[in-house]
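Examination of the molecular architecture
Given next are the chains, with one letter for each unit.
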Amino acid sequence: MKLLFIDDEQTFLKYLAKRLVLDGFEVTTTFSGEEGVEAASKINYDVAVVDLQMPGIDGIEVQRRLKDLQPNLPCIVLTGHGSVENALESGKYNAFKFLSKPVDMETLIETINAAYDFRLEQEKENKARNYIQQGSQEFNNKKFKEALDLFVLALSLLEEITGRNKLKREVKDYIRRTKRILKEKERQKILDRLKKIKVGIDQGKRNYFLGNYEKAILYLQEVLEIDKGNLVARDYLELAQE
C-alpha cells in the first residue's frame, strides 16, 4: 500500500515512516503542504496522512488540492490536542478521519487500513454505478441482453461491499424487469416460429394438392430451415420433388 505523509514535524514523521515501512507499507514523506501536493501530482497513492496545521498551505487546503489531483484518495488528518472536535463540528473538512497527536501507532495503522478498505469500496461502487448507467442506456435502446449483462456486473460488485442496500435493490429490480422482457421476447419468438412453421406447412400442402409443386417446395424448404426435424414438411417435400 502506498502512503503519502505530509507533516512539517520532520523528526516525528521520520519515526512514523520507519515504523510503517517495517509493517510492509511503502511510505513517501514530505515536510510541507506544497511538497506533498507536488508528490501527489507525480505518483498515485492509496492513502494520505496530512497534518492539519502547517506553515504555508495548511492541511485543509492540502486536502482540497489532493482531491483535485486524486479524487479517490482518502485523507487522514493529524491534529493537535483538542482540535479534533472543532474540526469535526465545522462540517466543512472532507477528511476520512481526524486523529489527535501524539498518535498511537496501532490506531494509525488501523485507520490507514480502514481508509484503504473504504477507498476500495468506493471504487467498486463507482464502477457499479457506471455499469448501471451503461445498462440503462442499453435498456432504453432496447438492447436487453447487453443491459442484463451490465446490471449483473453491477450487482456482483455491490455484493462485495457492505451497505448500499437501496442501490442493490434498484439493481435487482432492473435485473427482474430486464429478465421479464427477455422472457416475453423469447416466448414471442417461439410463437412466431411456430406460426411460420404452421403457415409454411399449410401453404406447402395446399400448393402440392393444387399441383403447384415449385411453390410447395419453396414453402416446405422454408419450414425445414426453421425446423430441420419437421417430419410433415419433409414428407411433403419428398412428394413434391418426385
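Please read these numbers as outputs of a predicted model, since none were measured by experiment.

**Focus: the overall build of the protein chain**
Secondary structure summary: the protein chain contains nine helices and five strands in total. The secondary structure elements of the protein chain, listed N-terminal to C-terminal, are β-α-β-α-β-α-β-α-β-α-α-α-α-α. Against the globule reference of 18 Å for 242 residues, the protein chain gives a C-alpha radius of gyration of 33 Å, more extended than a compact globule. Its C-alpha atoms give the protein chain principal-axis dimensions of roughly 105 × 30 × 30 Å. A burial count over the protein chain gives 38% of its 242 residues as buried. Contacts spanning at least 24 positions in sequence make up 57% of the contacts within the protein chain whose residues lie at least 6 apart. Here the protein chain contributes 40 positive and 40 negative side-chain charges, whose respective centroids are spaced 9 Å apart.

**Comments concerning helix H7 (residues 165–209)**
Along its 45 residues, H7 runs 66 Å from first to last C-alpha, staying within 8% of the 66 Å computed at 1.5 Å per residue. Of all the positions in H7, only Leu167, Lys168, Val171, Ile175, Thr178, Leu182, Ile197, Gly200, Ile201, Gly204, Asn207 and Tyr208 are classed as buried. Considering only its buried residues, H7 is in contact with helix H5 (105–140), helix H6 (144–158), helix H8 (213–226) and helix H9 (231–241). Where H7 ends, the next residue or the one after it, glycine 211, has phi of about 85°, a positive value.

**Some points on the sheet that holds strand S3 (residues 47–51)**
An order of S2-S1-S3-S4-S5 is seen for the five strands of this open sheet, with the pairing classed as parallel. Here the strands that pair on one side only, and so sit at the sheet edges, are strand S2 (26–30) and strand S5 (97–100). Strand after strand, the sheet turns through a mean of 20° between neighbouring axes, direction not considered. Of the strand pairs in this sheet, strand S4 (residues 75–79) and S5 are connected by four bridges, and their pairing is parallel. The residue of S5 that forms the bridge with threonine 79 is serine 100. Packed onto the sheet, helix H2 (residues 33–40) meets strand S1 (2–6) and S2 and runs at close to 160° relative to S1.

**Some points on H8**
One turn of an α-helix holds 3.6 residues; hence residues three or four places apart share an orientation. In this model, H8 (14 residues) spans 20 Å end to end at C-alpha, consistent with the 20 Å of a helix rising 1.5 Å per residue. Taken together, the buried positions of H8 are Ala216, Ile217, Leu220, Val223 and Leu224. End-on view of H8: buried residues confined to an arc of 125°, all on one side of the axis. Exposed and oriented more than 90 degrees from the buried face of H8 are Glu214, Lys215, Leu218 and Glu225. Of the surrounding secondary structure, the elements contacted by the buried residues of H8 are H7 and H9.

**Here's the deal with the nonpolar core**
Leu3, Phe5, Leu20, Leu108 and Ile112 are the most contacted members of the largest nonpolar core, which has 20 residues in total. Listing elements by their share of this core, those giving two or more residues are S1, helix H1 (10–22), S3, S4 and H5. Excluding anything up to four places from it in sequence, leucine 20 contacts Leu3, Phe5, Phe25, Val27, Met105, Leu108, Ile109 and Ile112. Core analysis: the second largest hydrophobic core is formed by 18 residues, Ile161, Leu167, Val171 and Leu182 among them.

**Some remarks on a nonpolar patch on the surface**
A contiguous nonpolar surface patch, about 250 Å² in accessible area, is contributed by Ile190, Leu191 and Leu194. Looking at the element boundaries, leucine 191 is found in helix H7. Of the residues examined, leucine 191 reaches a relative accessible area of 39% and is grouped as partly exposed.

**Examining the packing of H5 against H6**
One way to put it is that H5 packs onto H6 with a least axis distance of 8 Å and a crossing angle of 165°. One element, H5, and the other, H6, form an angle in the roughly antiparallel class. Like other packed secondary-structure pairs, H5 and H6 cross with a definite hand, here left-handed. Where H5 approaches H6, its residues Lys124, Lys127, Ala128, Tyr131, Ile132, Gln134, Gly135, Ser136, Glu138 and Phe139 are matched on the opposing element by Phe144, Glu146, Ala147, Leu150, Phe151, Leu153, Ala154, Leu157 and Leu158. Considered class by class, the residues forming the contact of H5 with H6 number twelve nonpolar, three polar and four charged.

**Brief notes about the pattern of salt bridges**
Throughout the structure, instances matching the rule amount to 16 salt bridges. In this structure, glutamate 61 engages arginine 64 in a salt bridge whose closest nitrogen and oxygen atoms are separated by 2.5 Å. Of this pair, glutamate 61 and arginine 64 both sit in helix H3 (residues 59–69), three residues apart, which is roughly one turn of that helix. The exposure class assigned to glutamate 61 is partly exposed, which follows from its relative accessible area of 23%. For arginine 64, a relative accessible area of 44% corresponds to the partly exposed category. Here glutamate 121 makes a salt bridge to arginine 164, at a shortest N to O gap of 3.3 Å. Here arginine 164 lies in the loop between H6 and H7 and glutamate 121 lies in helix H5, a separation of 43 residues in the sequence. Arginine 164 sits in the partly exposed class, given a relative accessible area of 21%. Put simply, Asp7, Glu9, Asp51 and Lys101 are held in one network by salt bridges that share partners.

Parameters at a glance
Residue positions are given per chain, counting from 1 as you read along its sequence in written order. Given that this is a predicted model, residues contribute local features only at a pLDDT of at least 70 and side-chain atom pairs are listed and counted only at 80 or more, while totals for whole chains, interfaces and linings are drawn from all residues. Note: side-chain values were computed over all heavy atoms of the structure, leaving out hydrogens and water. Secondary structure follows DSSP: runs of H or I at least 4 residues long count as helices, runs of E at least 2 residues long count as strands, and numbering of each begins at the N terminus. The globule rule used here is 2.2 Å times the number of residues to the 0.38 power, and the radius of gyration it is set against is calculated over C-alpha atoms. Working definition: with a 1.4 Å probe on protein chains only, accessible area under 20% of the residue-type maximum means buried, over 50% means exposed, and in between means partly exposed. Note on contacts: a residue pair is in contact if any heavy atoms of the two residues lie within 4.5 Å. Counted charges follow a simple rule, with Lys and Arg positive, Asp and Glu negative, and His plus the chain ends left uncounted. For charged residues, the charge sits on one atom: NZ in Lys, CZ in Arg, CG in Asp, CD in Glu. Between the first and last residue of a helix there are one fewer steps than residues, each counted as 1.5 Å, and that sum is the expected span. Strand pairing requires that DSSP identify at least two bridges connecting the strands. Fitting a line to C-alpha atoms yields each axis, with helices limited to the stretch in contact; the angle taken between N-to-C directions then spans 0 to 180 degrees. This arc corresponds to the set of directions leading from the helix axis out to the C-beta atoms. Nine residue types can take part in a nonpolar core, namely buried Ala, Val, Leu, Ile, Met, Phe, Trp, Tyr and Cys, and a core is a set of them joined through side-chain atoms within 4.5 Å. Here the term patch refers to residues with relative accessible area over 30% and no salt bridge, with like charges joined within 9 Å and nonpolar side chains (Val, Leu, Ile, Met, Phe, Trp, Tyr) within 5 Å. The Shrake-Rupley method, run with a 1.4 Å probe sphere, supplies the accessible areas, and residue values consider only the shown protein chains as cover. Put simply, a salt bridge is a Lys or Arg side-chain nitrogen that is within 4 Å of an Asp or Glu carboxyl oxygen. Here roughly perpendicular refers to angles of 65 to 115 degrees, roughly parallel to angles under 35, roughly antiparallel to angles over 145, and oblique to all remaining angles. By convention, the crossing between two helices is left-handed when the near helix turns anticlockwise from the far helix through less than a right angle, and right-handed when the turn is clockwise. Under the scheme applied, nonpolar residues are Ala, Val, Leu, Ile, Met, Phe, Trp, Tyr, Cys and Pro; charged residues are Asp, Glu, Lys and Arg; polar residues are all the others, including Gly.

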